[in-house]
Amino acid sequence: MPSFAYKGRNAGGQLIEGVLEGASSGAVADVLLGLGLTPVEIRETKAKTTKAAAGGLPLFKPKVTQIDLLLFSRQLHTLLKAGVPIMRALGGLQESAINPAMKAVIQDVRESLEGGRELSASLARHPRVFSSFYLSMVRVGEATGLLDEIFLRLFEHLEFERYMREQVKSALRYPMFVVVAMAVAIVVINIFVIPAFAKVFQGFGAELPLMTRMLLGFSDFMVTYWPEQLVLLIGAIFVFRRWVGTVKGRHDWEGISLRIPIAGKILHKAALSRFARSFALGMRSGVPVMQALSNSAQTVDNSYIARRIESMRDGVERGESLLRSALAVGIFTPVVLQMIAVGEESGAVDDMMDEIGQMYQQEVEYELKTLGQQIEPILIVTLGILVLILALGVFLPMWDLGKVAMKR
C-alpha cells in the first residue's frame, strides 16, 4: 500500500505531522478524522524501507501477543461504543499499534473490509491471532448488532485467561527452581565430588560399605557413559515432543497430566473454569447451545477435557439434557452437576455456568496460593533422602577408618 505524509490539526489547533499507509488519500483522511484530526495536507510519499519499519529480520519477526489482542478488543469496544464507524476505529487502532505484527494484521482486516467482507470473515484470515471462539463471538455480534458489547466480553474473557496462566507460572516457578537445582547438584556431585573421594577410598585396602559401593558405581556410570546418557536424554525429549505433537499423543498426555499429584487437580479445575466462563459468555450472547459447547471446548487448553465436552455436545444433539450429558462425561463434581440441574430447571444455565466458573476460579486461586506449601514437604523429604544417601556413602568409610586407627 502507498504511504501518505499528512498534516492535521487536533482539537486544540496544534499541527500534527506523520506518515500513514492507505489505499488512497481519502482513506487516510478517514483515519485522521477517526483520530480526531482535521486534515490540512495529505500527499503521497515513499514508504520507509528500513528493517525496523519492515518488522525486523524474518527470523526475529515479531508476533501478535495476547496483550496485543487484549488491547485490540478493549479499544475496539470503546470506539464502537462511542459511535465511531468500524473503518475509522480500525484505522485509529492501526495507527496506535506498537507491535508491527499487530499493525499489519489490522491493516489487512481493513483492506478486507474495504473489499466487502464481513468483520468476522476478515478476522478469520488470521487464524493464528483470532481463535475460533473469538470469531464465533464476533459473528454473534454482527448478527445481533451488539459488536461493542461482544468485544467487551471478549476482553474480559482474554483477561481471565491471561490471569490464570500467570498465576500457574508464578506458582510453579519456585518448585521448578528447586527441582532443577537438585538435579544440577546431583550431576555435579557424581561427576566431580564422588570421584575425588573414590581415590581416597581405594587406599583403605578394605571392603567398602554397600551404600558407598552403590554411590561409586553410579558415579562411575555417569562419568564413563555421559555421552550416551546425553544422547539418550536428547532422543527421549525429541520422541516425547513428536509424540505430544500428534493428536492421539497430545490427548493421552494431557489426560495423564490431570492425574499428576497436586498439579493435576489444578490443571483440571483451571480447564473447567475456562469452559464454564466461555460457555456462559456464549449463552448470554445468544449463541446456540450446540455451538456454545463447541466453542467452549476450544478454550479449555486441554484436548482430553475438550473431547469430553464435545461428547456433551453429541449428547445434547441426540436430545439428552445438559445435565445428563454432563453426568455421562465424568469430569464434573456432584456440586457442579447439581448447579447445572438448577440452571436447567430455572432457565438460567448461563448464570449457573458463570457461578461454576467463578467457583472453580476461586478454588484454583486457593490451590495456587497454597501450592508452595503442598510441594515444600515433598521437596524437603526428597532432599533429605539425597543428603542422607550421600552422607552415608561418603562418611561411613571414613568412620570405619577412624575406628581402625583408634584400635591401633
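Owing to the predicted nature of the structure, the values given are computational and were not obtained by experimental measurement.

Caption draft 1: Region of the structure containing the overall build of the protein. Check the secondary structure of the protein and you find 18 helices and three strands. For the protein, the residues scored as buried account for 38% of the 408 residues in total. Taking contacts inside the protein between residues at least 6 apart in sequence as the whole, the part at least 24 apart equals 59%. Looking at the protein as shown, the accessible area adds up to about 23,400 Å², and 62% of this sits on carbon and sulfur atoms.

Caption draft 2: Representation of the packing of helix α9 (residues 210-224) against helix α10 (residues 226-245) in the model. In the contact formed by α9 and α10, the axes pass within 5 Å of each other and the chain directions differ by 75°. In terms of axis orientation, α9 runs roughly perpendicular to α10. Across the interface between the two elements, Phe 221, Met 222, Val 223 and Thr 224 of α9 pack against Trp 226, Pro 227, Glu 228 and Gln 229 of α10. Its residues assigned to classes, the contact of α9 with α10 comprises five nonpolar, two polar and one charged.

Caption draft 3: Structural view of the pattern of salt bridges. Here the structure, examined in full by the defined rule, presents 17 salt bridges. Between Lys 269 and Glu 367 there is a salt bridge, and its shortest N-O distance comes to 3.6 Å. Of this pair, Lys 269 sits in helix α12 (residues 263-284) while Glu 367 sits in helix α17 (residues 349-369); the two residues are 98 residues apart in sequence, bridging distant segments of the chain. Grouping residues by exposure puts Lys 269 and Glu 367 together as buried.

Caption draft 4: Seen up close, the packing of aromatic side chains. Under the defined criterion, the tally for this structure stands at nine aromatic pairs. Judged by centre distance (5.2 Å) and plane angle (90°), the ring pair of Phe 240 and Trp 253 falls under edge-to-face. Linking Phe 240 in helix α10 with Trp 253 in helix α11 (residues 247-257), this pair joins segments that are 13 residues apart in sequence. Clustering of aromatic rings is evident, with ring pairs tying together Phe 72, Phe 130, Tyr 134 and Phe 151.

Caption draft 5: Geometry of helix α15 (residues 322-329). Taken as a whole, α15 has its buried residues at Leu 322, Ser 325, Ala 326 and Val 329. Buried positions in α15, seen along its axis, are confined to an arc of 100° and lie on one side of it. Looking at α15, the residues exposed on the side facing more than 90 degrees away from the buried face are Arg 324, Leu 327 and Ala 328. At its buried positions, α15 is contacted by α12, α13 (289-297), α14 (303-317), α16 (334-346) and α17. Just past α15, the residue Gly 330 takes up positive phi, approximately 70°.

Caption draft 6: Quick look at the packing of α15 against α16. Between α15 and α16, the least distance of the axes is 9 Å, while the angle of their chain directions is 165°. The angle between α15 and α16 falls in the class roughly antiparallel. In the packing of α15 onto α16, the handedness of the crossing is right-handed. From α15, Leu 322, Leu 323, Ala 326 and Leu 327 reach across to α16, where they touch Leu 337, Ile 340, Ala 341 and Glu 344. Of the residues that constitute the contact of α15 with α16, the class distribution is seven nonpolar, no polar and one charged.

Caption draft 7: Region of the structure containing the nonpolar core. Core analysis: the biggest nonpolar cluster contains 63 residues, and Phe 72, Phe 130, Tyr 134, Phe 151, Phe 275, Phe 332 and Met 353 have the highest contact counts within it. In terms of residue count, the dominant contributor to this core is α12 (seven residues). If near-sequence neighbours (up to four positions away) are discounted, Phe 275 is found in contact with Leu 293, Ser 296, Thr 299, Val 300, Ile 309, Met 312, Phe 332 and Met 353. In this structure, Met 182, Ala 270, Leu 368 and Leu 379 belong to the second largest nonpolar core, which totals eleven residues.

Caption draft 8: Seen up close, the environment of Ser 278. Inspection of the secondary structure puts Ser 278 in helix α12. Sequence separation between Ser 278 and His 157 is 121 residues, and the spatial gap between their C-alpha atoms is 7.2 Å. Residues contacting Ser 278, with those up to four places away along its chain left out, are Phe 133, His 157, Ser 296 and Thr 299.

Caption draft 9: A look at α13. By the burial criterion, the buried members of α13 are Ala 292, Leu 293, Ser 294, Asn 295, Ser 296 and Ala 297. On its buried face, α13 is in contact with α7 (132-144), α12, α14 and α15.

Caption draft 10: Region of interest: a nonpolar patch on the surface. Nonpolar side chains collect at one region of the surface, where Leu 172, Met 176, Val 180, Val 184, Val 187, Val 188, Ile 191, Phe 192, Val 193 and Val 223 lie side by side and expose about 790 Å² of accessible area between them. In terms of residues, the nonpolar patch owes the most to one element, helix α8 (residues 147-202), which gives nine residues. Positionally, Val 180 belongs in helix α8.

Caption draft 11: Here's a closer look at the side chain of Asp 68. Within the secondary structure, Asp 68 is located in helix α3 (residues 66-81). Lys 103 provides the closest opposite charge to the buried, unpaired Asp 68, separated from it by 11 Å. Separated by 2.7 Å, the side chains of Asp 68 and Asn 99 make a polar contact. For Asp 68, the contacting residues outside a window of four places in its chain are Lys 63, Asn 99 and Met 102.

About the thresholds
Residues numbered from 1 in each chain as written. Predicted model: local features only at pLDDT ≥ 70, side-chain atom pairs only at ≥ 80, totals over all residues. Heavy atoms only, no water. Helix = DSSP H or I, 4+ residues; strand = E, 2+ residues; numbered from the N terminus. Buried < 20%, exposed > 50% of the residue type's maximum accessible area, 1.4 Å probe, protein only. Contact = heavy atoms within 4.5 Å. Areas by Shrake-Rupley, 256 points an atom, 1.4 Å probe, with all protein chains shown as cover. Axes fitted to C-alpha atoms, helices over the stretch in contact; angles between N-to-C directions. Parallel < 35°, antiparallel > 145°, perpendicular 65-115°, else oblique. Nonpolar A, V, L, I, M, F, W, Y, C, P; charged D, E, K, R; others polar. Salt bridge = Lys/Arg side-chain N within 4 Å of Asp/Glu carboxyl O. Phe/Tyr/Trp six-rings, centres within 6.5 Å; stacked < 30°, edge-to-face > 60°. Arc of directions from axis to C-beta. Left-handed = near helix turned anticlockwise from the far one by under 90°. Core = buried A, V, L, I, M, F, W, Y, C linked by side-chain atoms within 4.5 Å. Patch = residues over 30% accessible without salt bridge, like charges linked within 9 Å, V, L, I, M, F, W, Y side chains within 5 Å. Lys, Arg positive; Asp, Glu negative; His and termini not counted. Polar contact = N/O pair within 3.5 Å; in protein donor to acceptor, adjacent residues only side chain to side chain.

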